[in-house]
Amino acid sequence: MPVSARDPMSREERRAGLGLAAIFALRMLGLFLILPVFAVHAAGIPGGDDLTLVGLAIGAYGLTQACLQIAYGAASDRFGRKPVIVFGLVLFVLGSVIAALADGIHMIIVGRVLQGAGAISAAVTALAADLTRDQHRTKVMAMIGSSIGLVFALSMVAAPLLYAAIGMDGIFWLTAVLAFAAIGVLLWAVPEAPPVPRATGRFIDVLRDGQLMRLNFGVFALHLIQTTMWVMVPSALVTGGGLPMTEHWKVYLPAVLLSFLVMVPAVILAERHDRMKAVFNAAIALLVLVQFGLWLAGDALIPLALMLTLFFVAFNVLEATQPSWISRIAPPGSKGTALGVYNTLQSVGLFLGGLLGGWLGQSFGSAAVSLFCAALALVWLALAASMAPPPVRPAAPLPAHG
């Protein structure tokens, strides 16, 4: 039986969705703010003339996240979601402080590694699943995914202006403050979670699930492409586009606004009209076209601005729909573990994106970066086309809150 529109989200579910989306947004904003500015900033600090080290600094937090996501997810299954999330946010604050105080590329890498040790994504998404019913879980996951897309877009506009006002160290201090704010939201705005059900699934079962692993590859590919691009894009806007970094917002702002005009109806079509697979695959195809467009256009300003607009459309749609899809098919008895694997692959993508983007750009130039991303997106499109549409689950009773 289809879910009735007369069964709206409860007040607790709305609180959970908004609160957890805010936690993701506050944390991810701090991480994303460095993407548009760091590659240019690094040229003026000790060790920053090595593009491979610059890429490592951008993607380093993904390495420790990749190592710890499954452990955090499993720990949240055993010790509870909120204590694990608070612990991770405290580590994130410490890493931000180290990066703010760093006087060279190597200490910034240390700070970024420690930031990544606060690998809370699996625990947060598992908490979202605990606090919502099946028929509303996709809405909450879409809220979280959309918040990530929104802060990514915001960071593209705000980062050059913030860099001009407070510098790179000020941005790192700001990330620490935002993480403290996220702790406050978790403790005082997010409802208490019900008891975590005892895990009934096995880790190997998650790895054997073809649908889950296709989505895991997808989140890996998306974040690898995202990070790889931002090793090269800021410099392209400076050298080819003739825009100083403080004026990059003139490209990012219209691109972001136009992308959201397209993204919102696309997500509504996917969620309300059960067209998620079609919208999902169309966004991946757009990502492929963007990478070939960047390869052909080089660093000319107008084509680059157009490709960035289309990239934001694809990225925001995929960030909103992927968490929704995986929440429908993750095993209920080992949801924290399943989401840990998902977020691990996301973190591996973030790390390798920075590292590969720096190495490819240093060794073969920006065209090689775009061709590599296009090939990866084509592989993802082939895998996504073979997926079954996500299931539509029947209504379920309200979760019990402690």
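The structure displayed is predicted, hence computed values, not measured ones. (Residues numbered from 1 in each chain as written. Predicted model: local features only at pLDDT ≥ 70, side-chain atom pairs only at ≥ 80, totals over all residues. Heavy atoms only, no water.)

Counting its regular elements, the protein chain contains 14 helices and zero strands. Reading the protein chain from its N end, one meets helices and strands in the order α-α-α-α-α-α-α-α-α-α-α-α-α-α. In the protein chain, which comprises 402 residues, the proportion classed as buried is 56%. For the protein chain, contacts bridging at least 24 residues in sequence account for 87% of all contacts bridging at least 6. Counting only carbon and sulfur atoms, one obtains 71% of the accessible surface of the protein chain, whose full area is about 15,200 Å². (Helix = DSSP H or I, 4+ residues; strand = E, 2+ residues; numbered from the N terminus. Buried < 20%, exposed > 50% of the residue type's maximum accessible area, 1.4 Å probe, protein only. Contact = heavy atoms within 4.5 Å. Areas by Shrake-Rupley, 256 points an atom, 1.4 Å probe, with all protein chains shown as cover.)

Let us look at the environment of P36. With respect to the helices, strands and loops of the structure, P36 is situated in the loop between α1 (11-32) and α2 (38-42). Sequence spacing of P36 and H248 is 212 residues, and the spatial spacing of their C-alpha atoms is 8.5 Å. Here P36 is in contact with S155, M156, A159, W230, P234, M245, H248 and Y252, once residues within four sequence places are set aside.

For the rest of this paragraph, the subject is the nonpolar core. Counting residues in each nonpolar core, the largest one holds 132 residues, and the members touching the most others are F38, W230 and F311. Top contributing element to this core by residue count: helix α7 (residues 134-188), with 19 residues. Residues within four places of F311 in sequence aside, it is in contact with F152, I225, Q226, M229, W230, L287, V290 and Q291. (Core = buried A, V, L, I, M, F, W, Y, C linked by side-chain atoms within 4.5 Å.)

Turning to the environment of P323, a few remarks are in order. Tracing the backbone shows P323 in helix α12 (residues 301-329). For P323, a relative accessible area of 10% corresponds to the buried category.

Going through the model one piece at a time under the given rule, you end up with eight aromatic pairs. Aromatic pair F292 and W295: ring centres 6.5 Å apart, planes at 65°, arrangement edge-to-face. Of the two residues, F292 and W295 are both situated in helix α11 (residues 276-297); the distance of three residues between them amounts to about one turn of the helix. Centroid distance W359 to F364: 5.5 Å. Interplanar angle 80°. Geometry classified as edge-to-face. Residue class for F364 comes out exposed when judged on its relative accessible area of 54%. A network of ring pairs unites the aromatic residues F280, W325 and W380 as a single cluster. (Phe/Tyr/Trp six-rings, centres within 6.5 Å; stacked < 30°, edge-to-face > 60°.)

Here we take up the environment of Q115. Following the sequence through the fold, Q115 ends up in helix α5 (residues 105-116). Accessibility expressed as a relative area gives 1% for Q115, which makes it buried. Between the C-alpha atoms of Q115 and G62, which are 53 residues apart in sequence, the distance is 9.0 Å. In this structure, Q115 is in contact with L31, Y61, F92, G95, S96, F172 and T175, ignoring residues within four places of it in sequence.

When pLDDT is averaged across the protein chain, the result is 82; 88% of the residues are at 70 or more. Here helix α8 (residues 203-208) is the element of the protein chain with the lowest mean pLDDT, 72, and helix α4 (residues 81-101) is the one with the highest, 94. Taken together, the stretch residues 1-5 has pLDDT below 50 and engages in five contacts with residues farther than four places along the chain or on a different chain. Per-residue pLDDT stays below 50 along residues 395-402; that stretch engages in 22 contacts with residues further than four places along the chain or on separate chains. (pLDDT = per-residue confidence, 0-100.)

Judged by how many residues are buried, helix α6 (residues 121-130) sits mostly within the fold: ten of ten residues are covered. Taken residue by residue, α6 has S121, A122, A123, V124, T125, A126, L127, A128, A129 and D130 as its buried positions.

With that out of the way, let us pick up the packing of α1 against α6. Close contact between α1 and α6 brings their axes to 10 Å; oriented N to C, the two are set at 165°. Comparing their axes, α6 and α1 come out roughly antiparallel. For the pair α1 and α6, the sense of crossing is left-handed. Here L20, F24 and R27 of α1 come into contact with α6, specifically with S121, V124, T125, L127 and A128. The residue makeup of the contact of α1 with α6, split by class, is five nonpolar, two polar and one charged. (Axes fitted to C-alpha atoms, helices over the stretch in contact; angles between N-to-C directions. Parallel < 35°, antiparallel > 145°, perpendicular 65-115°, else oblique. Left-handed = near helix turned anticlockwise from the far one by under 90°. Nonpolar A, V, L, I, M, F, W, Y, C, P; charged D, E, K, R; others polar.)

Packing of α11 against helix α14 (residues 366-385) leaves a shortest axis separation of 8 Å and a crossing angle of 160°. Taken together, the axis directions place α11 and α14 in an arrangement best described as roughly antiparallel. Relative to α14, α11 is oriented so that their crossing is left-handed. Residues K277, F280, N281, I284, A285, L287, V288, Q291, F292, L294 and W295 of α11 form the contact with α14, whose participating residues are A367, S370, L371, C373, A374, A377, L378, W380, L381, A384 and A385. Tallied by class, the residues present in the contact of α11 with α14 amount to 18 nonpolar, three polar and one charged.

Time to look at the pattern of salt bridges. Applying the stated criterion across every chain yields a total of four salt bridges. One salt bridge in this structure joins E12 and R15, with 3.2 Å as the shortest N-O distance. Pair noted here: E12 and R15 are both in helix α1, with a separation of three residues, about one helical turn. Taking the relative accessible area as the measure of exposure, E12 reaches 23% and is therefore partly exposed. (Salt bridge = Lys/Arg side-chain N within 4 Å of Asp/Glu carboxyl O.)

Here T344 is to be found in helix α13 (residues 335-364). Among the residues examined, T344 registers a relative accessible area of 9% and is labelled buried. With near-sequence residues (within four places) excluded, T344 lies in contact with A66, Q69 and I70.

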